[in-house]
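The lines below spell out each chain.
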Amino acid sequence: MPLVNTKEMFEKAYKGGYAIGAFNCNNMEIVQAITEAAKECNSPVILQVSAGARKYAKPIYLKKMVEAAVEDTGLPIVLHLDHGADFEICKDCIDGGFTSVMIDCSSKPFEENIEITRKVVEYAHAHVPYVTVEAELGTLAGIEDDVKVEHGAESYTRPEQVEEFVKRTGVDSLAIAIGTSHGAYKFKPEQCTRDPKTGKLLPPPLRFDILEEVSRRLPGFPIVLHGSSSVNQEYVDIINAHGGKLVDAVGVPEEQLRQAARLSVCKINIDSDLRLAMTAGIRQHFEEHPEHFDPRQYVGDGRAYVKELVKHKIKEVLGSNDRL
Ligand SMILES: [Zn+2]
């Protein structure tokens, strides 16, 4: 099966009350970990690359690695551009064989966001085969590669804008801001409450009222959540027990993401959790085997940790297992 776009995948996910995991990748081990996990779970999957990943690995390597994963697993896989900043990078990816792109003009004024998004949609939909387009309304706090928004400067999606935006742009899916955030430090301690027993931070709940209002206005339309790592404590603990120093890292609770996946959310983006799992595997390996110096040994452990994490996400958070 060749690479696919998101159209049919999202239609099935919407009807089935689950979401597709969109996992960021930038090297071979991460691509293998994600796609082998998806294969074992009989799950469709989205591999997404950011501008930072393209800079790090070169677009041609990413493309060929993802093609190798398609051939190796036989799964329906989407190759998606995460946070395309302008028309040019989207065009470059479409021309280069991506099956889906995100144009992110969410920090620009509404009319400008519409104008640039529509231009990308026209180009993507005219492509053979059809390339799907994701856009964004509202802005998330946090840091993701080149995208940085200070805490306090984020803004929730305004539901009264979504119908006009989707109608005028022709976009295939829409990322909305309901309180998720990029990075491993999603919320400042003062935004959270602290569990008196464990001392751990408890993040503010997602704004399900906004999600429900958006869904009411856009029946059947696929919604996307960015910044949806949960910063699972077990990985933070492994990292910190083996020389790391992640203090007050906090993510979005998995049960809230599962709830969103049952509603209109068809794509959930996960990046930081993969980084944490990879780092936990490598740090643990080094401490247990200080004499090792073959990268296959420690990166291999990192890959195994990422694979376990992705299987957990597919089964317990996304609900996309056995949906082929
Ligand atoms: Zn994002």
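Above this text you will find the structure in question.
Since the model is a prediction, treat every value here as computed from it, not as a measurement.

Participant: I would appreciate a short explanation of the overall build of the protein in the present structure.
Facilitator: Assigned secondary structure in the protein consists of 12 helices and 13 strands. On C-alpha atoms alone, the protein measures out to a radius of gyration of 19 Å, which is about the 20 Å that the 2.2 N^0.38 rule sets for 324 residues. Principal-axis analysis of the C-alpha atoms places the extent of the protein at approximately 60 × 50 × 35 Å. Looking at the protein as a whole, 56% of its 324 residues qualify as buried. Long-range contacts, defined here as pairs at least 24 residues apart, represent 76% of the contacts in the protein between residues at least 6 apart.

Participant: Is there a simple way to explain helix α8 (residues 208-217) in this structure?
Facilitator: Note that an α-helix has 3.6 residues per turn; residues three or four places apart therefore point the same way. Along α8, the residues that are buried comprise Phe208, Ile210, Leu211, Val214 and Ser215. Projected down its long axis, α8 carries its buried residues within an arc of 155°, all on one side.

Participant: Any chance you could explain the packing of aromatic side chains here in plain terms?
Facilitator: Within a pair of aromatic rings, the relevant descriptors are the distance that separates the centres and the angle that separates the planes. Evaluated as defined, the whole model comprises 4 aromatic pairs. Both rings, one in phenylalanine 87 and one in tyrosine 123, keep their centres 5.8 Å apart while their planes meet at 80°; by these two values the pair is edge-to-face. Taken as a pair, phenylalanine 87 in helix α5 (residues 87-95) and tyrosine 123 in helix α6 (residues 110-126) lie far apart in primary sequence, 36 residues in all. Taking the relative accessible area as the measure of exposure, phenylalanine 87 reaches 12% and is therefore buried.

Participant: Quick question: what am I supposed to make of the state of the cysteines here?
Facilitator: By definition, a disulfide is the covalent link that joins the sulfur atoms of two cysteine residues. Tallying each qualifying case throughout the model produces 0 disulfides. With no disulfide of its own, cysteine 25 has cysteine 93 as its nearest cysteine by sulfur position, at a separation of 12 Å. Given the relative accessible area of 1%, cysteine 25 is considered buried. With no disulfide partner, cysteine 90 has as its closest neighbouring cysteine sulfur the one in cysteine 93, 7.0 Å distant. Owing to a relative accessible area of 1%, cysteine 90 belongs among the buried residues under this scheme.

Participant: Teacher, can you tell me more about the pairing of strand β5 (residues 132-137) here?
Facilitator: The side chains of a regular strand alternate, first on one face of the sheet and then on the other. Burial runs high along β5: 6 of the 6 residues are buried. Where strand β4 (residues 100-103) lies against β5, 3 bridges are found, and the strand directions are parallel. When the bridges of β5 are listed, serine 100 appears paired with threonine 132. Chirality of the crossover, the property in question, places the unit of β4, α6 and β5 among those that are right-handed. Where β5 lies against strand β8 (residues 173-176), 4 bridges are found, and the strand directions are parallel. For alanine 135, the partnering residue across the bridge sits in β8 and is leucine 174.

Participant: What exactly am I supposed to notice about the sheet that holds strand β3 (residues 77-84) here?
Facilitator: Strand pairing in a sheet relies on backbone hydrogen bonds, with the paired strands running either antiparallel or parallel. If you trace the 8 strands once around the closed barrel, you get β1-β2-β3-β4-β5-β8-β12-β13, paired in parallel fashion. When the angles between neighbouring strand axes are averaged without regard to direction, this sheet yields 25°. Of the strand pairs in this sheet, strand β1 (residues 20-24) and strand β2 (residues 45-49) are connected by 3 bridges, and their pairing is parallel. The partner of asparagine 24 across the bridge, within β2, is glutamine 48. Strands in contact with helix α1 (residues 7-16) are β1, β2, β3, β5, β8 and β13 (265-270); relative to β13, the strand with the most contacts, it is inclined by about 110°.

Participant: I'm lost on the side chain of threonine 132 in this one. Help?
Facilitator: Here threonine 132 lies in strand β5. A relative accessible area of 1% places threonine 132 in the buried class. Not counting residues up to four positions away in its chain, the partners in contact with threonine 132 are Asn5, Thr6, Lys7, Thr99, Ser100, Val101 and Asp172.

Participant: Just checking my understanding: could you explain the pattern of salt bridges for this structure?
Facilitator: Pairing is possible between side chains of opposite charge, provided their charged atoms come close. All told, the structure shown has 23 salt bridges when counted by the stated rule. Of the charged contacts, one joins glutamate 40 and lysine 307 as a salt bridge, the two residues approaching to 2.7 Å between their closest N and O atoms. Here glutamate 40, found in helix α2 (residues 28-40), pairs with lysine 307, found in helix α12 (residues 295-318); they are 267 residues apart in sequence, far enough to count as distant. Under the relative-accessibility criterion, glutamate 40 is labelled partly exposed at 45%. A relative accessible area of 18% means that lysine 307 is categorised as buried.

What counts and what doesn't
Residues numbered from 1 in each chain as written. Predicted model: local features only at pLDDT ≥ 70, side-chain atom pairs only at ≥ 80, totals over all residues. Heavy atoms only, no water. Helix = DSSP H or I, 4+ residues; strand = E, 2+ residues; numbered from the N terminus. Rg over C-alpha atoms; globule rule 2.2 N^0.38 Å. Buried < 20%, exposed > 50% of the residue type's maximum accessible area, 1.4 Å probe, protein only. Contact = heavy atoms within 4.5 Å. Arc of directions from axis to C-beta. Phe/Tyr/Trp six-rings, centres within 6.5 Å; stacked < 30°, edge-to-face > 60°. Disulfide = S-S within 2.5 Å. Pairing = 2+ DSSP bridges. Right-handed = clockwise from strand over helix to strand, strands pointing away. Axes fitted to C-alpha atoms, helices over the stretch in contact; angles between N-to-C directions. Salt bridge = Lys/Arg side-chain N within 4 Å of Asp/Glu carboxyl O.

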